[in-house]
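# Architecture at a glance
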Amino acid sequence: EMAKLTQLIDNDVFLAYATYAAIVLLKMMLMSLVTAYFRITRKAFANPEDTASFGKGDSAKKYLRTDPDVERVRRGHLNDLENIVPFLGIGLLYALSAPELSTALLHFRIFAGARIVHTFAYLIPLPQPGRGLSWAVGYAVTISMAYKVLKTTLYL
Amino acid sequence: EMAKLTQLIDNDVFLAYATYAAIVLLKMMLMSLVTAYFRITRKAFANPEDTASFGKGDSAKKYLRTDPDVERVRRGHLNDLENIVPFLGIGLLYALSAPELSTALLHFRIFAGARIVHTFAYLIPLPQPGRGLSWAVGYAVTISMAYKVLKTTLYL
Amino acid sequence: EMAKLTQLIDNDVFLAYATYAAIVLLKMMLMSLVTAYFRITRKAFANPEDTASFGKGDSAKKYLRTDPDVERVRRGHLNDLENIVPFLGIGLLYALSAPELSTALLHFRIFAGARIVHTFAYLIPLPQPGRGLSWAVGYAVTISMAYKVLKTTLYL
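Quick notes on the rules
- Residues numbered from 1 in each chain as written.
- Chains lettered and ligands numbered in written order.
- Predicted model: local features only at pLDDT ≥ 70, side-chain atom pairs only at ≥ 80, totals over all residues.
- Heavy atoms only, no water.
- Helix = DSSP H or I, 4+ residues; strand = E, 2+ residues; numbered from the N terminus.
- Polar contact = N/O pair within 3.5 Å; in protein donor to acceptor, adjacent residues only side chain to side chain.
- Contact = heavy atoms within 4.5 Å.
- Phe/Tyr/Trp six-rings, centres within 6.5 Å; stacked < 30°, edge-to-face > 60°.
- Buried < 20%, exposed > 50% of the residue type's maximum accessible area, 1.4 Å probe, protein only.
- Lys NZ or Arg CZ within 6 Å of the ring centre and 35° of its normal.
- Least-squares fit on C-alpha atoms with pLDDT ≥ 70 in both.

## Focus on the side chain of C:Thr35
Residues and elements named next belong to chain C. Take Thr-35: it is sitting in helix H2 (residues 12–41). There is a polar contact of 2.8 Å between the side chain of Thr-35 and the backbone oxygen of Met-31. Dropping the residues within four chain positions of it, Thr-35 is found in contact with Val-70, Val-73 and Arg-74.

Here you go:
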């Protein structure tokens, strides 16, 4: 039955979905490393046990604090979750709804590009409406795929 | 091979999953717009660059604040993520585990209905246990699907 | 066509993916119950309507507060979302990329084990680097699966 399974992965639209889904998920995972980098360089932690290496008692307690740079990365990470989860679910169903390969690639590429721009816009930060527009482009691509999915599958 | 792929999408249970997964994801995406609406009408932002259009310096800085209505929508959004992500994953596996169509529809419809009620209960807000019950119904539906998935697939 | 669908679920790698995906999602869902438990026992709520049963006015208002134990569970829950969402998406694509069954089982088992250890490390809490290491193991497993997915599917 492995042959049957790999028919999925031999389909060009599905291959493209798999590639871009992996890319945006890896990009999202990178936010964990950026958070850790800022927590360590800014010495701003959320858990007492994370500050133990800085000494005991009050000398360590002062590192239990929020930092604007850390909070910025965390907002970017949460925004990724809020937008990449819909892309994963709707994108998978869209890839199974037999779209044209070129149309599908257009959707996936624009979404991935928009989320990468969004991350830079959040972290640099770029002046608005840079971040807002990049967010809206990814959002619109997901809505467009959802429309195709519902048009193909509607079964209430 | 596109024909093979569309066999998935020709399956009634899978069609129903696709429809309800798209619906709950679109509902979750709506929370972003509601958040933006409250941030703008309440003038309560998280990023300095978002307040730049209100002027410079201290006149803009006062809009960098939390607002109870914004925080309420954000809690609802996070609760969606915490509950819709398990539905997406477990629901997909459930749809592939050959359930009865009528049983599957019952699960999907109750889940989607419960999450829509949950959103209204959170945003209006309704007195408890309105929100708590709607949360519990969606949770129980997901557990019921997970039981079917594990009974069908268990391979440790 | 149900027969075609169940070919997916008859594939051993896919069965294993389904089992471990369900397990880590159920584990993540458990965090909601742990949060509710700590909110009730610590009397620390986020919504005014949740404190109504404790009386009216100021007597209820004092329970609208954050509590270190509640916040700790919530951080663990968010960390689950940030790490289990990539596992679900990348793991599904990995399961469809025809890996060796033994290699796939190794990935799924280590990921699930690491996330369970991570939860205990967060909630007890264990001294660092306990939580950090368990997080890194799950992260590395996901990267390893993403590498296999991109090597198999790359279609930009």
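## Remarks on the packing of aromatic side chains
Residues and elements named next belong to chain A. Throughout the structure, instances matching the rule amount to 33 aromatic pairs over all chains. An angle of 85° between the planes, with centres 5.9 Å apart, marks the rings of Tyr-94 and Phe-108 as edge-to-face. A residue pair is termed long-range when its members are at least 10 positions apart, and Tyr-94 in helix H4 (residues 68–95) and Phe-108 in helix H5 (residues 101–123) qualify at 14 residues. By relative accessible area, which is 0% here, Phe-108 ends up buried. Among the aromatic residues, ring-to-ring pairing joins Phe-14, Tyr-17, Tyr-20, Phe-87, Tyr-94, Phe-108 and Phe-111 into one connected group. Here the guanidinium or amino end of Arg-131 rests over the ring plane of Tyr-122, the centre of that ring lying 4.3 Å away.

## Overview of the relation of the copies chain C and chain B
Mapping chain C onto chain B calls for a rotation angle of 120° and an axial translation of 0.0 Å; the resulting RMSD is 0.0 Å. These values place the two chain copies in the arrangement generated by a three-fold rotation axis. For chain C, the residue whose C-alpha comes nearest the rotation axis is C:Val85, separated from it by 4.3 Å. A different interface surface on each copy is seen, since only 12% of the contact residues of chain C are contact residues in chain B too.

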